[in-house]
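# Architecture at a glance
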Amino acid sequence: MASCASETANSNEEYATEVENIDSAQGEDNIYYGIPSPEEMFVLMRRNEKFDPSLQFPIQDVEGYTTSKEQSIIFGIYLSDLAYGAVYEDFEQSMKYFKVIEKLADKLNLTAAFNEALASRIQNNLKTPDSLLLISNDSYRSIIKCLEENDRGNTIALVASAGWIESMYIATNLISTIKDNQEQLNQIAEQKFLYENLMGYLGQYDDFAIKSVKEDLVELGTLFNSLEQKEKERSSKKVGGKLMLSGGTYYVMTPEQFVNLKGIIAKIRGNMTGASI
Amino acid sequence: MLKRISIVLLFGLMICPVISYGQMCNGMHHYCTKMPKFMKYNSQSQSALMVKGMTSEFSLMVYKGQDYKIWLCMDESIGPDLIFKVYEKVEREVKKEFEVKEYEEIMGECPECGGSGENDGDQCYGCEGSGTIGTGEEREIIIKKTEVVKEMQTEYLYDNSEDNYSMELEFAADQTKKLYIQITVPGEVSNSRLKKVDEEGCVGVLIGHIANSKRGF
């Protein structure tokens, strides 16, 4: 039977405690945190930088990843690599990433996320750029949905953390020139928002695997906190049915801070994918 | 609505056999609407179990260069309206007035002069005019001071109660932002520990995005 199951069955919860559980799942400041998918950042990068397949984590035998932490992390890394390839319309490599992701999904008990309909869409539509991106996005949705419905927020936390580190690794290495390239450096600086949300999300879980990932990410916080904060006047108005939000807080990153960040990201990625997991 | 829940449950039973009742709200947002084909699902979509009178919020990161759309849905038990606000947290410099306790010495009349001499430090000179001298005792005084401090403030950007309680919102930002989506279920806050079925229900917030590009031919 196709499965999309929780790691630990927990079907005897009391109905009356339900509301309290939801409350306690929130962070200290009573706020939930959303983590964008890697594809959104790559769409922005595509406007300025060319595709470099050497930045994707190489496809390798995933049998060596035996613990659920290792599998979740490498799964997040490959999902990000798939999104990168899909945004840049790289059909051949994307097919390979789909295959390895499917294999890992099986290991993580997420086979229902890769059903026959999705497999057939991949086979039939992979040569249409829009479809490639849509299928990549749909498979990401399918995986997250499966995890959400099975209360596997801790797996989402690991997948999202690894996916973000991989997308940051690709993004920081894609920027070929840092001189006179303030716009792109500031684009990387914007990731401070995502970092804050990610740390908030991780903070909801106290298992050992997540704690160790969180510790790995702490160094990034110091760097993000050192960025210069600026403000543009805010406004919000509806134009033709669409709310247009202007201005707000933004961060400025110096070339030195960028080089430092790039190094930290590479180190974390090495820890996540290497023998130290 | 009952039909939707039944479909969700049936689907859940088919592929996710271990879903408990307590997890029913998880992923509810996937069923809010059929998203237009050109839009991509945003993984920051959320679902939660809420009760009447409750306010819950989540943080959403939005990129410049993308158009976003939010759809809200809920169980009939807590409908038909939801109050939905979008806000930003803004760090602002504000003038804060605060009180400081200080102590001052209590002054007494110059003893040698019977209160009519001149005071110079601890000494009293002459017996003309009025003089005072420190008694060695202190009293508490309150001084008001003003200081500029940084404070996080809430700046509301959208409130659906001013938009016919719309359950959809399309928006875009000219720079990457961290927004907060705040949802309130209208009604009385129940003090009962055991929530009644008709006081609670699932709320889903489905978010879609698409890279904004030039429209037209």
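Here's a quick rundown of the structure. (Residues numbered from 1 in each chain as written. Chains lettered and ligands numbered in written order. Predicted model: local features only at pLDDT ≥ 70, side-chain atom pairs only at ≥ 80, totals over all residues. Heavy atoms only, no water.)

### A short note on the overall build of chain A
A tally of regular secondary structure across chain A gives 11 helices and 3 strands. Of the regular secondary structure in chain A, the N- to C-terminal order runs α-β-α-α-α-α-α-α-α-α-α-β-β-α. For chain A, long-range pairs separated by at least 24 residues make up 75% of all intrachain contacts whose partners lie at least 6 apart in sequence. Carbon and sulfur atoms make up 48% of the accessible area of chain A, which amounts to about 12,000 Å² in all. (Helix = DSSP H or I, 4+ residues; strand = E, 2+ residues; numbered from the N terminus. Contact = heavy atoms within 4.5 Å. Areas by Shrake-Rupley, 256 points an atom, 1.4 Å probe, with all protein chains shown as cover.)

### What to know about the overall build of chain B
The number of helices and strands found in chain B is 1 helix and 11 strands. Ordered by position from N to C terminus, the α and β elements of chain B give α-β-β-β-β-β-β-β-β-β-β-β. Burial status across chain B gives 46% buried among its 217 residues. Counted over contacts in chain B with a minimum sequence separation of 6, partners at least 24 positions apart contribute 81%. Surface accessibility of chain B: about 11,900 Å² in total, with carbon and sulfur atoms responsible for 51%. (Buried < 20%, exposed > 50% of the residue type's maximum accessible area, 1.4 Å probe, protein only.)

### Digging into the packing of helix H3 (residues 68-87) of chain A against helix H7 (residues 153-174) of chain A
Residues and elements named next belong to chain A. The N-to-C vectors of H3 and H7 enclose an angle of 45°; their axes lie 7 Å apart at closest approach. Viewed along their axes, H3 and H7 adopt a mutual orientation that is oblique. Two packed elements cross with a definite hand, and for H3 against H7 that hand is right-handed. Two secondary-structure elements touch here, H3 through Lys69, Ser72, Ile73, Phe75, Gly76, Ile77, Leu79, Ser80, Asp81 and Tyr84 and H7 through Thr155, Leu158, Val159, Ala162, Gly163, Glu166, Ser167, Ile170 and Leu174. (Axes fitted to C-alpha atoms, helices over the stretch in contact; angles between N-to-C directions. Parallel < 35°, antiparallel > 145°, perpendicular 65-115°, else oblique. Left-handed = near helix turned anticlockwise from the far one by under 90°.)

### Let's talk about the pattern of salt bridges
As enumerated under the stated definition, the model contains 16 salt bridges over all chains in all. Across the pair Glu196 of chain A and Lys178 of chain B runs a salt bridge whose closest N-O atoms are separated by 2.9 Å. Of this pair, Glu196 of chain A sits in helix H9 (residues 191-202) while Lys178 of chain B sits in strand S10 (residues 177-184), placing the two residues on different chains. For Glu88 of chain B, the salt bridge is made with Arg234 of chain A, and the minimal N-O distance between the two is 3.0 Å. Placement of the pair is Glu88 of chain B in strand S5 (residues 83-109) and Arg234 of chain A in strand S2 (residues 228-239), with the two residues belonging to separate chains. Connected through salt bridges with shared partners, the residues Glu231 and Arg234 of chain A together with Glu88 and Lys177 of chain B form a single ionic network. (Salt bridge = Lys/Arg side-chain N within 4 Å of Asp/Glu carboxyl O.)

### Comments concerning the state of the cysteines
Residue and element names in this part refer to chain B. Tallying each qualifying case throughout the model produces 2 disulfides over all chains. Each disulfide pairs two cysteine sulfurs, and for Cys25 the partner residue is Cys202, the sulfurs being separated by 2.1 Å. Here the S-S torsion is close to -80°, and the disulfide linking Cys25 with Cys202 is therefore left-handed. With Cys25 in the loop between helix H1 (2-15) and strand S1 (40-41) and Cys202 in strand S11 (residues 200-211), the pair connects residues that are 177 residues apart, well separated along the chain. Here Cys25 and Cys202 have matching classes, each one buried. Put simply, Cys32 and Cys73 are joined by a disulfide, and their sulfur atoms are 2.0 Å apart. The S-S bond linking Cys32 to Cys73 shows a torsion near -65°; that makes this disulfide left-handed. Here Cys32 is found in the loop between H1 and S1, whereas its partner Cys73 is found in strand S4 (residues 66-74), with 41 residues between them in sequence. Comparing Cys32 with Cys73 shows no difference in burial state: the two are buried. (Disulfide = S-S within 2.5 Å.)

Keep in mind that these numbers describe shape and distance, not what the molecule does.
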